[in-house]
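# Secondary and tertiary structure notes
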Amino acid sequence: MDARHRHLCTRSRGARPRGRAPVALALGAALTLAGLVGPPAAAAAATSLEAEQAVLSGGAVVEDEHGGFAGTGYVGGLVDAHRGYAAVGFTVDAETSGTHELQLRYANGTGSERTLSVSADGVERGRVRLPATGGWARWATATTALDLAPGTHEVRYTYGPEDSGNVNLDQLEVVAAASGGGDEPGVGAAAPVAVPGSVELEDAELSGGAVVADEHLGFSGDGFVGGFVDSNRGAATASVRLDVPADGDYDLDLRFANGTGSAKTLSLLLDGAPARQVSVPATAGWSAWDEVRQAVALTAGEHEVAYRFGSGDSGNVNLDALGITPTAPGDGGGTGGSGGSTAPGVDDLATVPSAGGTPFQAEEGHVVDGAVVADVAGTPAAGGLAGPGSRLVVPVRSTGGGAQTVTVRAANGSGDVQRLLLSVDGLPRGHLVVPAGDGWLDLGVELDLSRGLRTVELLQDDANGTGGPLAVDAVLLEAGQAMEERGASVPYTTYEAEGGSTDAQVLGPSRTFHEVAAEASGRKAVRLTATGDSVSWTLTEPASALVLRASIPDTPDGAGQDATIGLYADGRKVADVPVSSRYSWVYGGYPYGNDPSQGGAQRFFDDSRTTFPVLPAGTELRLQKDTASDAARYDVDLVETEVVPDPLPMPAGFVDVRDQGATPRDDSDDRAAFLRAIDAARAAGTGVWVPPGRFTLAQRIDVRGVSIRGAGPWYSVVEGRDGKGGFFATGSGVVITDLMVDGDVRYRDDAAFDAAFEGDFGHGSLLQNVWVEHTKVGLWADRGTRGLLAIGVRIRNTFADGVNLHGDVQETRVTQSVLRNTGDDALAMWSDGYPVTRSVFASNTVHTPLLGNGAGVYGGTSNRVEDNLVSDTLTGSAGIAVGTRFNPVPLSGETLVQRNTLLRTGGWEPNWRTALGAVWVFADSAPITSRVVIRDTRILDSTYMGVLVSYNKEVSDLRLEDVLVDGTGAQGLKVQATGRVTLNGVTLRDLGGPAIEAPAGFQVVDGGGNSY
């Protein structure tokens, strides 16, 4: 990704969206905030944790220039330049369950009170106030109380975007929960409320900014609870303890006022675990009070009930009182319980006996919006699925084309029957009924699945769901096939030209920029010059379609030309395959124009496609320059063959764009018809249908809250005009599937041309089985995107990035996709201004990016690149790059690069006149102080070094684990930085230079099992 990519996002940016909803802790929450309190009472023995030994990120650094600290130093760097990112993470071991006091030793010489945000195990828990201490060498203690379950927890203090920061941290003392203690309740704790009964919430335990107020009328008791305002989002909490006499169902009647004019939400927590999101209707004003009822299942004994303005809530309500009574027989409590649903008209699916089959693991799927990967009775699974809005999407691979038994293996320990909305490829099929019980249940349902890559989604669509433990282990297909181990699972077979039979000229191998063979897959191609020249292959699978990657010459004016080449099956001509140079051949320096007089030609290849009657395996398929082939020469890189599936039918109720005025294949602008179809579909609560044919968009169209589907990318095509066209997301619920976007971009102009898919995709969006050609960018997901899934996407021949996750993008996954001939990074996460967080590039195949990396992670928090296959990078490139290039928000959390294969990667950076490795860890605009792990990675035939660590800044915790570097043009590992790398199970062999080259003072730690 070139720095000039800043121009790619041409829409103006608004205020930063709020953070993501807290992760629901599946099957029993680990901890909750008990409150931010004053000086601690006497308690059990304390454990001291030095801040300088904690995990530092986002600019936090160890310092020692001020006196009075404990240990060997303290942590500074929590300054305005690092607002929103600087963090100190402590590992806290809890031996017992209960409230633990966390006593933070700090110095605040600013002269005024400051704040930091507190989180535990990734969940926001409020804000700690840090009064001025009278100088930087004077230290004080601020105490946070957290309820901790036994085990290890990460407690993090962050200079958040709404904090005032500018303090130094020295030490954290953890005082374990006191045991015993007589009959009196703990310090500051109220006696539990007897059930049935009621409690005035001004008497509840308030934390995170929740306060007692009395400025409005009509409340009961002595006041009401306010403070559930935006500045306390993620923290404001009111909690009470209940003394429940017997197991059973109970109604919680919350008295509230909501004068905002619209419904708001709060989170209900039971015993610290998020139970559900509560909808709070608008009232007639702030002195008008109403009640909302939630039914919960409680066991005999003490329980904590809390209402919190969670990060995923809208808050801004006042709370007055809470009543607790046993649920009357037949009363559903207004929650929907086991029978409610927010998807009207969607029936329950009939269950059938499981037919077993090929398993697809849930924890390897798209687990978002409150769902989490959890260990359930020793089994990795996707948990938290009883929480409202929680979402699991499992990619599956079907070998059949019709009805089959699909089995969902689920465990429901909630005590209530649960219903999950099951969708296939983004279309709802019905509610899966999951009975309550112990252990795993195999629930079979009959579903129609087309052949190939599909998705099975399970969504908790009941906003008043009962909550509780609900997990899915796997989805099994009766007629299924396992995914490829690395790279995308694709429907086609690839045949390299140099692997075929030919008597024509074989070009290459070459890795020299501006040479044709260097841009070819495998660094070789076959040139057909004379009439009769050919290249042929024997089909190993049946085929009815072909994609050809080839190059023909440009024209003197740079406009390009169109031609054909003959396709023969067992000697019989079956098609004239189109070949064009209109979308290839660029010249000069970056960003590369279309004027041949500038010289420096590159970007030689383009793709074209054709269909024909099905040919069986064993057929000889031949490309031949025959008498109808007009171009002077044809440089053939590869062909891909597949059997094109039948066109998909229009889903019931969808709005056909033709009925709104769109006309295929007439070159007129169909944008207005598409917009009318979107409006009609929204009004009808359905979707938009793009039938077979080519439709033109002369400008991109805005989309939100709508499904746009086609008959398949071989049939339904949306084409651009003059560099314009495509789809711009402006909010949640964008589903686009089964079509092609064929742009009209012929050179790079970031400000003028459009991406195929761009914008803020909000929550719950899906891109599946879409094919992109000749656009500026394939997918540019921008700030505000939460949980987008892009799967089964073919992105080819873009003039900038293939995919870029830009800025405040969270929990987004790009998977099972193929990217080829991108004009810049094939896959990029760019934390420009705000961090990309917990996002994943998984199981993708990347070929021949022309400028930039196969995958690049530029800053961000806890992101992953895994199970990808990257090959044949060319210039200014690594196979995978991780670092702080392009001035991003610095890396934090753990960045994990694992189970990738890099073949013939690395490249030459001509502007810097330097070589880049297959893996490149680059501390550029900021040091890399958080952990970066490169694990189970195969680096094969690297052009230069295997791994490069640069450049003259600190890389403090790089770990190479089970890494094979087999064949390089230079060093196995080259370091141009300060810091440390730990090697475990690293093999370096067949090298073109020293195994390891590092400057004096850089620590190379041998962790064992290495060979070099």
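Residues numbered from 1 in each chain as written. Predicted model: local features only at pLDDT ≥ 70, side-chain atom pairs only at ≥ 80, totals over all residues. Heavy atoms only, no water.

## Comments concerning the pattern of salt bridges
Counted only if it meets this: Salt bridges are defined as contacts in which a side-chain nitrogen from Lys or Arg sits within 4 Å of a carboxyl oxygen from Asp or Glu. Here's how the labels work: a residue is buried when its accessible area is under 20% of the maximum for its type, exposed when over 50%, partly exposed in between, all with a 1.4 Å probe on protein chains only.
This model, assessed by the stated rule, comprises 53 salt bridges. With its nearest N and O atoms 3.0 Å apart, the salt bridge here joins Glu866 to Arg864. Judged by relative accessible area, which is 5%, Glu866 ranks as buried. Of the residues examined, Arg864 reaches a relative accessible area of 29% and is grouped as partly exposed. Linked by salt bridges that have partners in common, Glu894, Arg931, Asp957, Arg959 and Arg980 make up one network.

## What about the UniProt feature "domain: CBM6" (unreviewed entry) in the chain?
As a reminder of what qualifies: UniProt positions are given in the numbering used here, feature names are shortened, and annotations may be inferred rather than shown by experiment. Helix numbers and strand numbers start at the N terminus; a helix is a DSSP run of H or I with at least 4 residues, a strand a run of E with at least 2.
Within the UniProt annotation, "domain: CBM6" (unreviewed entry) is assigned to residues 47-175 and 197-325. Across residues 197-325, the secondary structure splits into 0% helix and 55% strand, with the terminal C-alpha atoms separated by 7 Å.

## Examining helix α1 (residues 671-684)
Filter applied, for reference: The span expected for a helix works out to 1.5 Å for each residue beyond the first. Along the arc lie the directions from the helix axis toward the C-beta atoms. Here, two residues are considered to be in contact whenever any of their heavy atoms come within 4.5 Å of each other.
For α1, with 14 residues, the first-to-last C-alpha span of 20 Å sits near the 20 Å given by 1.5 Å per residue. Looking at α1, one finds that the buried residues are Ala673, Phe674, Ala677, Ile678 and Ala681. When α1 is viewed along its axis, its buried side chains cluster within an angular range of 140° and face the same direction. Contacts from the buried residues of α1 go to β47 (655-656), β48 (688-690), β49 (693-696), β50 (701-703), β51 (706-710) and β52 (716-719). Where α1 ends, the next residue or the one after it, Gly685, has phi of about 70°, a positive value.

## Concerning the confidence of the model for the chain
Close reading of the predicted structure is inappropriate where its pLDDT is low. Worth spelling out the cut-off: pLDDT is defined as a per-residue confidence score from the predictor, taking values between 0 and 100.
Within the chain, residue pLDDT values average 89, and 92% of them lie at 70 or more. Here residues 2-45 scores under 50 on pLDDT; set against residues more than four positions off or in separate chains, the count is 145 contacts.

## Notes on the pairing of strand β54 (residues 734-742)
The criterion, for reference: One requirement defines pairing of two strands: DSSP has to find at least two bridges between them.
Most of β54 sits out of view: 9 of its 9 residues are buried. Pairing analysis gives 4 bridges linking β51 to β54, with the strands arranged parallel. Bridge pairing in β54 places Ser707 opposite Val735. Bridge count for β52 against β54 is 3 bridges, and the pairing is parallel. Residue Val718 lies in a different strand from β54, and its bridge partner there is Val741. Here 7 bridges tie β54 to strand β56 (residues 766-773), and the two strands are oriented parallel to one another. Looking at the pairing, Val741 lines up with Val772 of β56.

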